[in-house]
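Chain by chain, the residues run as shown.
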Amino acid sequence: MSKLRLAVSTGLLALSLTAPAQAQTDPFMDPVFAEWHKRVEPAIDSALSYLQRQQNPDGSFPHNYGDSTGIPALAGMAILSRGHLPTEGPYADTLNRSIDFILANQKKDGLLVKGHAGSGPMYAHNIATLFLSECSGMVEPDRQQRISRALPEALGLILRAQAVKKQERHRGGWRYQPGSKDSDTSCSGWALMALRSSKLNGAPVPAKAIEEAVGYLHRHQDRDGRFGYTGTNDHAISLTGMGLLCLELCGEHDTDRTRRSADWLLRNYRSLANGSHEAYGNYYTAQAMFQIGGRHWREYADWMYENYLPKQSKDGSWQSRAAGPVYGTAMMTLAFTVPWRQLPIYQRDETVDEEE
């Protein structure tokens, strides 16, 4: 057994036996959400009911990419974000089916892959790894043992994919294939969050891997604070929230880089509406602005809830032109529920609003 596998298995199993489930945090402590919760809570509950109804018996979902490991992971994280648990409550079976589907589809090299995952498997693999890490410590012992065996292999593949020799502008990042020699910020953002989540859970993720991923993002940020896809400003409206969130989660709170990104988003976020990657961009921008807090979160949250609540369908779903209603519903839920702070990876420094 590798050192990574032994250490991760030991650390995560210990976490499952000693740590309680993520504590419920009163969302009304956030003054912005306090003004919206009476409209948002029923919308989220309707969205989760939609996801539950859509899930197939094997844990997969219909619609775009629903048979990949990525969509069950996103749906699972959406359910966790409302405070539901895989050990009890109305969504326990739904969560466990998602977990089991992902665990059942890990290859010998650690890759979590199944069905149609878009241009390549790494995007779904990174999201699935993040989901397993966030679930670790919340599940019953037998399922925890399976997660503790799978996570080291999944993390190892992410680390090997990052270590593939690349040109300087691609170094530290990830692309669609484990052996890709180029990188993009979208795939890299999910990989970095998977590493960061696992490190917070006690996995021996090398500090150098985080540092190199952050360095990769730095090279894809321009002077205005925008982040690009393979350059420094292509698809900036969708990706600047991603870059800002990753920097915030990796310790760069209230730096010149993050302030420039937050201010650029504050000036431009309305351009997200009706864009081809609207659900993705809104998810990352909401998470990032909540990390920043103050006027950035207040203005964005007011716009987000006002703009997207009326767009929810009667069945509880939100449509995504890029990836269909299951994806759109999961991503909108993750954006709307950010004040609950239920997912460990998205915890915020609660002094942020004291700075304004």
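Attention in this report is confined to the structure presented alongside it. (Residues numbered from 1 in each chain as written. Predicted model: local features only at pLDDT ≥ 70, side-chain atom pairs only at ≥ 80, totals over all residues. Heavy atoms only, no water.)

This part covers empty space enclosed by the protein. Counted by the stated rule, this structure contains 2 cavities of 30 Å³ or more. If you add up the space inside the largest cavity, you get close to 60 Å³. Lining the largest cavity, in full, are Ser 81, Gln 287, Leu 334, Thr 337, Val 338, Arg 341, Gln 342, Leu 343 and Tyr 346. Per-class residue counts for the lining of the largest cavity are 4 nonpolar, 4 polar and 1 charged. Its boundaries defined by the atoms lining it, the second largest cavity holds a volume of some 30 Å³. Lining the second largest cavity are Gly 172, Trp 174, Ser 188, Gly 189, Leu 192, Ala 213, Tyr 216 and Leu 217. The set of elements that each furnish at least two residues to the lining of the second largest cavity consists of helix 8 (185-200) and helix 9 (207-218). (1 Å grid on protein atoms, 1.4 Å probe; cavity = no way out; pocket = protein on both sides within 12 Å on 5 of 7 lines; lining within 4 Å. Points joined across faces, edges and corners; volume = space filled by probe spheres on them. Nonpolar A, V, L, I, M, F, W, Y, C, P; charged D, E, K, R; others polar. Helix = DSSP H or I, 4+ residues; strand = E, 2+ residues; numbered from the N terminus.)

What the largest pocket holds in volume is close to 780 Å³. Every residue lining the largest pocket is counted, 35 residues in all, and those nearest its centre are Tyr 123, His 277, Ala 322, Ala 323 and Tyr 327. At the level of elements, helix 4 (70-80), helix 6 (122-135), helix 10 (236-249), helix 12 (278-292) and helix 14 (324-336) are the ones that each hand at least two residues to the lining of the largest pocket. Of the residues that constitute the lining of the largest pocket, the class distribution is 18 nonpolar, 14 polar and 3 charged.

All chains considered together, the criterion is met by 19 salt bridges. Among the ionic pairs, Arg 226 bridges to Asp 224, the shortest N-O distance being 3.8 Å. Salt-bridge contacts for Asp 263 lead to Arg 295; the nearest nitrogen and oxygen are separated by 3.7 Å. With Asp 263 in helix 11 (residues 256-268) and Arg 295 in helix 13 (residues 294-308), this residue pair connects regions lying 32 residues apart in the sequence. (Salt bridge = Lys/Arg side-chain N within 4 Å of Asp/Glu carboxyl O.)

So, about the side chain of Arg 175. Note that Arg 175 resides in the loop between helix 7 (141-163) and helix 8. At 2.9 Å, the side chain of Arg 175 and the side chain of Asp 184 are in polar contact. Among residues more than four places away in sequence, those in contact with Arg 175 are Met 122, Ser 180, Asp 182, Ser 183, Asp 184, Cys 187, Tyr 229 and Thr 230. (Polar contact = N/O pair within 3.5 Å; in protein donor to acceptor, adjacent residues only side chain to side chain. Contact = heavy atoms within 4.5 Å.)

Further remarks concern the packing of aromatic side chains. The full count for this structure, using the stated rule, is 15 aromatic pairs. Between Tyr 280 and Tyr 284 the ring centres are 5.0 Å apart and the planes differ by 70°, which places this aromatic pair in the edge-to-face class. One end of the pair, Tyr 280, and the other, Tyr 284, are both in helix 12, 4 residues apart, so they sit about a helical turn from each other. The exposure class assigned to Tyr 284 is buried, which follows from its relative accessible area of 0%. (Phe/Tyr/Trp six-rings, centres within 6.5 Å; stacked < 30°, edge-to-face > 60°. Buried < 20%, exposed > 50% of the residue type's maximum accessible area, 1.4 Å probe, protein only.)

All right, on to the side chain of Gln 55 then. Note on placement: Gln 55 falls in the loop between helix 3 (37-54) and helix 4. Among the residues examined, Gln 55 registers a relative accessible area of 10% and is labelled buried. A polar contact of 3.0 Å, which involves the side chain of Gln 55, links it to the side chain of Arg 97. Other than its neighbours up to four places away in sequence, Gln 55 contacts Ser 60, Phe 61, Thr 94, Arg 97 and Ser 98.

Attention now goes to unusual backbone geometry. The phi angle of most residues is negative, glycine excepted, and most peptide bonds adopt the trans form. Phi is positive for Tyr 65, close to 60°, though the residue is something other than glycine. With respect to the helices, strands and loops of the structure, Tyr 65 is situated in the loop between helix 3 and helix 4. When its relative accessible area of 29% is taken as the criterion, Tyr 65 is described as partly exposed. Phi is positive for Arg 341, which is not a glycine, with a value near 55°. You can see Arg 341 is positioned in the segment after helix 14. On the basis of relative accessible area, Arg 341 is assigned to the buried category, the value being 6%.

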